[in-house]
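These are the residues of each chain, in order.
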Amino acid sequence: MGTSIGDDAMFMAIALDEARAAERVGEVPVGAVVVHAGAVIGRGHNRAIPDHDPSAHAEIVALRAAGRALGNHRLTDATLYVTLEPCIMCAGAILHARIARLVYGAPDPRFGAAGSALNLLDSPFLNHRSEVTAGILRQEASALLDAFFAERRN
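Everything numeric in this text was worked out from a predicted model, so none of it was measured.

Within the protein chain, the regular secondary structure consists of 5 helices and 5 strands. The N-to-C order of helical and strand elements in the protein chain reads α-β-β-α-α-β-α-β-β-α. Its C-alpha atoms give the protein chain a radius of gyration of 14 Å, within 12% of the compact-globule value 15 Å for 154 residues. Its C-alpha atoms put the protein chain at 45 × 35 × 30 Å along the principal axes. Scored against the burial criterion, the 154 residues of the protein chain give a buried share of 47%. By sequence separation, contacts in the protein chain at least 24 residues apart represent 59% of the contacts at least 6 residues apart. On the protein chain, roughly 7,600 Å² of surface is accessible, and the fraction owed to carbon and sulfur atoms is 54%.

Structure (structure tokens):
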């Protein structure tokens, strides 16, 4: 896809801004952006709690916005940047959208479906696979999550 590590860090920084927006509304700080042809076409952050919507994860919100921007439910040749490794639901949406590439920051060893707990995005049983790049701005993404949950425990 011709994306450099510098580009990955730049777009992940935008996803981190989205994660901070989630935190401001009392939501788990996860953010996502969809990039197509070098431009952000969709962005989102977790909204499950304020929207009373269990499907309103950052990835889903960003994918919906990107679909509207392109006028298509297929987002081929797009890259999704997300601060936390996607769960099973989000990995399924990534596959249905035909996202070419996923870039995430922090791994999720309990629920991650892009290589940590399981790898749905590279399943030989499915007709689409997404390239995965992990660990971009991992420390920043992990620090946001760690601080959020530490505050919740107190």
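The next subject is the packing of helix α1 (residues 5-24) against helix α5 (residues 138-153). At a minimum axis separation of 11 Å, α1 and α5 run at an interaxial angle of 5°. In this view, α1 runs roughly parallel relative to α5, as classed from their interaxial angle. Across the interface between the two elements, L16, A19, R20 and E23 from α1 touch E140, A141, L144 and F148 from α5. Across the contact of α1 with α5, the residue classes tally to 5 nonpolar, no polar and 3 charged.

What follows is about the sheet that holds strand β3 (residues 78-84). Read from one edge of the open sheet, 5 strands run β2-β1-β3-β4-β5, paired in mixed fashion. The sheet is open, and its two edges are formed by β2 (39-45) and β5 (131-134), each paired on a single side. Averaged over all neighbouring strand pairs, the angle between strand axes comes to 15°, with direction disregarded. Bridge count between β3 and strand β4 (residues 101-106): 5 bridges; the pairing is parallel. Within the sheet, the bridge partner assigned to T79 lies in β4 and is R101. Relative to the sheet, α5 contacts β3 and β4, its axis offset from that of β4 by approximately 60°.

As a further point, take the nonpolar core. In this structure, V34, I99 and L102 are the most contacted members of the largest nonpolar core, which totals 29 residues. Breaking this core down by element, the ones donating at least two residues are α1, β1 (31-36), α3 (58-70), β3, α4 (88-97), β4 and α5. When neighbours within four sequence positions are excluded, V34 is seen to be in contact with A39, V40, I41, G42, A62, L63, A66, A78, T79, L80 and I99.

Each pair of aromatic rings is reported with the distance of its centres and the angle of its planes. One pass over the structure, following the stated rule, counts 2 aromatic pairs. Seen in terms of ring centroids, F148 and F149 are 5.1 Å apart; in terms of plane orientation they differ by 85°. Their pairing is edge-to-face. What makes F149 partly exposed here is its relative accessible area of 36%.

What follows deals with unusual backbone geometry. Notably, H52 is not glycine yet its phi reads approximately 55°, a positive angle. Structurally, H52 can be placed in the loop between α2 (48-51) and α3. Residue class for H52 comes out exposed when judged on its relative accessible area of 72%. Despite not being glycine, R98 has its phi angle at roughly 65°, a positive value.

Definitions and limits used
- Residues numbered from 1 in each chain as written.
- Predicted model: local features only at pLDDT ≥ 70, side-chain atom pairs only at ≥ 80, totals over all residues.
- Heavy atoms only, no water.
- Helix = DSSP H or I, 4+ residues; strand = E, 2+ residues; numbered from the N terminus.
- Rg over C-alpha atoms; globule rule 2.2 N^0.38 Å.
- Buried < 20%, exposed > 50% of the residue type's maximum accessible area, 1.4 Å probe, protein only.
- Contact = heavy atoms within 4.5 Å.
- Areas by Shrake-Rupley, 256 points an atom, 1.4 Å probe, with all protein chains shown as cover.
- Axes fitted to C-alpha atoms, helices over the stretch in contact; angles between N-to-C directions.
- Parallel < 35°, antiparallel > 145°, perpendicular 65-115°, else oblique.
- Nonpolar A, V, L, I, M, F, W, Y, C, P; charged D, E, K, R; others polar.
- Pairing = 2+ DSSP bridges.
- Core = buried A, V, L, I, M, F, W, Y, C linked by side-chain atoms within 4.5 Å.
- Phe/Tyr/Trp six-rings, centres within 6.5 Å; stacked < 30°, edge-to-face > 60°.

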